[in-house]
Amino acid sequence: MSNQTELSSSHAGGQADHEGIDASGVNDILMAGDKSKGGRPYFFNSAETERVMNIAMAIAAEVAVVRERIDTIERLLQTSGVLRQSDIEAFVPTDEAAEERQLWHARYAARILRIVQQELDAVAHPENNIPMQQIADEINDM
Amino acid sequence: MMSYQLPPVWTKLQRHEVFPEFSHDERARYNFLANLNRFVSTAIAPGNKIAFDKRVEPAFRAVHGRSFADRHEVAAAMSNEPIYQCWGALRRSTMEMRQQNGRAVVLRQAQQLAEKVKARLAGAANLVLAKDFVVPPYLRHVDNHLMPGSYHTEYFAGDVANAANYDSGLFVTSGGMLGSLTDGGGKAIAAWVKASYPDFKPRRILDIGCGLGHNTLPIAQLYPDAEVIAIDAGAPMLRYGAARAQALGIGNVTFMQTDAADMQAFANGHFDWVQTTMFLHETGGRAIHKIFKEINRVLAVGGLNLHIEQPQYTPDMSFYEQFMRDWDAYYNAEPYWGHMHDLQPVDLMQEAGVDPADFMQVGVKAVNDLDQKKADGQVTEDYGRSPIWNVFGGWKKG
Ligand SMILES: C[S@@+](CC[C@H](N)C(=O)[O-])C[C@H]1O[C@@H](n2cnc3c(N)ncnc32)[C@H](O)[C@@H]1O
């Protein structure tokens, strides 16, 4: 998406920037991701791999952002005397809390590796792996 | 850990009155990217040379019975090398992320930025935009360094979003090595001229392709009695640059929308110093000669003409290094970079009226107020990104 091409030809012109400033046509969410001109080179032999790497790097960035935000919160809490960072390092959860946390990690890992798990399932259970077109035809007879 | 050099945090950037607002997370995103860039350039990029020496070159030699004949052969062979593929994919990815992250920041506040700039420029006389300005075709043809919309696109009348993105994000690409106002190049050249030619008292200075004036202002500051004209093709850059100069209290620079290849606005011999900084490699194969012709025309006899650029490709530069330096040309959308660096500066200067006997060329390092120790210390070669440049030029002969 971009209204860049249309808009780029419009020129304010003249020193008189007297026209009202109106940015309401700017769709910041989509335009932030405008593609730059020129074909995109792919470095990996498979463009799909490169696509996945790009998504992974963007997520890595967001994890770093969350990490920095938590760090800010910890430091503010320390400054305001609510807790010390050493409290965090020394923290030992109760058995119950520890189990809840382990459960969270287990679910998290499963979410991330869902596709691998499902690919293995497909190999293990070919009977559940019939192409959808075939199922459609079969259902038509059911 | 001790020997690993961290890039300065993004908040070290000096924020002026028209600078965009950054949220906590937007700042953190840039801190991540600066570190990612640093890691990719210090830990991953050196793998290219290792793979080249150990695998790519021997394999080529085995097939062809000779080594590489030019940088294009190196490029073709390297494109199949997995280490290079991974580095290239990562480097491209960081450039794209930097653009998207920066655009997200400035576009959400595009209205406020334009209003701030307009308010700062009320009553000021340091901005001259042209009516019906024709953006040079080579600028319209590509978005240099993957910057969507390039320098000239206005998303609405009075827009400065792309300039604000450039101002606030260059820090990330350069790893903070250009200083808190991203003006390390301008500071270096101004200091070098002052020290080398203490008697030089320029009355009128022209900075061509000034962008938003990062590197113009240090020159204007060191020569406060000079009248400085800064020209560019991009209205958003000029608008933002003029407001930024006002905000930083620098009064002797006028920002003008003028095509460097056609500077009718200036009389013959009008300037005693014509400067370009990181500009020539973003022009075009025909335009560059028109520009030098125009420089020759507007420069006074005995005047100084200087250009800050990346190093040219010389016969003693290895094909591997030429290939690495060429990377930005194709993969960071700086397409003229490769061709331009095949030209000989001494020939270009002759077009600007400088006698080959008077041609000069020096290396200068960015003046970085953030951490002089780091700037002076060992800098990992990150082809095309290091804060060390080639300055060439000369004095126009009588
Ligand atoms: C890489 S930027 C350099 C900015 C600045 N010199 C600096 O060091 O920060 C190149 C600039 O040259 C401008 N430019 C390119 N061709 C031009 C031309 N023919 N006339 C005027 N400006 C031009 C672009 O708009 C852009 O702002």
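Conventions adopted
- Residues numbered from 1 in each chain as written.
- Chains lettered and ligands numbered in written order.
- Predicted model: local features only at pLDDT ≥ 70, side-chain atom pairs only at ≥ 80, totals over all residues.
- Heavy atoms only, no water.
- Core = buried A, V, L, I, M, F, W, Y, C linked by side-chain atoms within 4.5 Å.
- Buried < 20%, exposed > 50% of the residue type's maximum accessible area, 1.4 Å probe, protein only.
- Contact = heavy atoms within 4.5 Å.
- Phe/Tyr/Trp six-rings, centres within 6.5 Å; stacked < 30°, edge-to-face > 60°.
- Helix = DSSP H or I, 4+ residues; strand = E, 2+ residues; numbered from the N terminus.
- Lys NZ or Arg CZ within 6 Å of the ring centre and 35° of its normal.
- Domains from an automatic or database assignment.
- pLDDT = per-residue confidence, 0-100.
- Near = heavy atom within 4 Å.
- Polar contact = N/O pair within 3.5 Å; in protein donor to acceptor, adjacent residues only side chain to side chain.
- Areas by Shrake-Rupley, 256 points an atom, 1.4 Å probe, with all protein chains shown as cover.
- Pairing = 2+ DSSP bridges.
- Axes fitted to C-alpha atoms, helices over the stretch in contact; angles between N-to-C directions.

**Q** How would you summarise the nonpolar core if you had to cite specific residues and measurements?
**A** If you look at the biggest cluster of nonpolar residues, it comprises 125 residues, and the most contacted ones within it are B:Leu206, B:Ile208, B:Ile231, B:Tyr240, B:Phe255, B:Phe266 and B:Trp273. Among residues more than four places away in sequence, those in contact with B:Leu206 are B:Ile229, B:Ile231, B:Met263, B:Phe266, B:Phe271, B:Trp273, B:Val274, B:Gln275 and B:Val298.

**Q** Tell me about the packing of aromatic side chains, and please be specific about residues and values.
**A** All names here are of chain B. Tallied over the entire structure, the rule returns 26 aromatic pairs over all chains. Considering the side-chain rings of Tyr197 and Trp395, the 4.9 Å spacing of their centres and the 75° angle between planes classify their relative orientation as edge-to-face. Here Tyr197 is found in the loop between helix 8 (184-196) and strand 2 (204-208), whereas its partner Trp395 is found in strand 8 (residues 388-395), with 198 residues between them in sequence. Classification of Tyr197 as partly exposed rests on a relative accessible area of 23%. Here the guanidinium or amino end of Lys49 rests over the ring plane of Tyr320, the centre of that ring lying 5.6 Å away. The aromatic ring of Trp327 is capped on one face by Arg91, whose charged end is 4.9 Å from the ring centroid.

**Q** Describe in detail the domain arrangement of chain A, supporting the description with residues and values.
**A** Once the domains are mapped, chain A shows domain 1 (47-91) and domain 2 (93-142). Relative to domain 2 of chain A, the C-alpha centre of domain 1 of chain A lies at a distance of 29 Å.

**Q** So what's going on with the confidence of the model for chain A? Which residues, and what values?
**A** Scored by pLDDT, chain A has a mean of 84; 87% of the residues are at 70 or more. Confidence drops under a pLDDT of 50 for residues 1-18 of chain A, and excluding neighbours within four residues, the segment shows 39 contacts in the predicted structure.

**Q** Tell me what's going on with the site of the ligand, and back it up with residues and numbers.
**A** All names here are of chain B. Surveying the vicinity of the ligand reveals 19 residues, the closest of which are Tyr138, Gly209, Asn215, Asp232 and Thr277. For the ligand, a nitrogen atom lies 2.9 Å from a polar atom in the side chain of Asp259. The contact in question runs from a nitrogen atom of the ligand to an N or O atom on the backbone of Thr277, over 2.8 Å. Notes on the ligand: free accessible area 600 Å², of which the protein chains cover 98%.

**Q** Give a description of the sheet that holds strand 4 (residues 253-257) of chain B that names residues and reports values.
**A** All names here are of chain B. Reading across from one edge, 1-4-3-2-5-6-8-7 is the order of the 8 strands in this open sheet, with mixed pairing throughout. Each edge of the sheet is formed by a strand with only one pairing partner; in this case those strands are strand 1 (127-128) and strand 7 (360-365). As judged from the 2 bridges shared by strand 1 and strand 4, these two strands associate in the parallel manner. Following the sheet pairing, Val128 is matched in strand 4 by Met256. Packed onto the sheet, helix 8 meets strand 5 (271-277), strand 6 (299-309), strand 7 and strand 8 and runs at close to 140° relative to strand 6.

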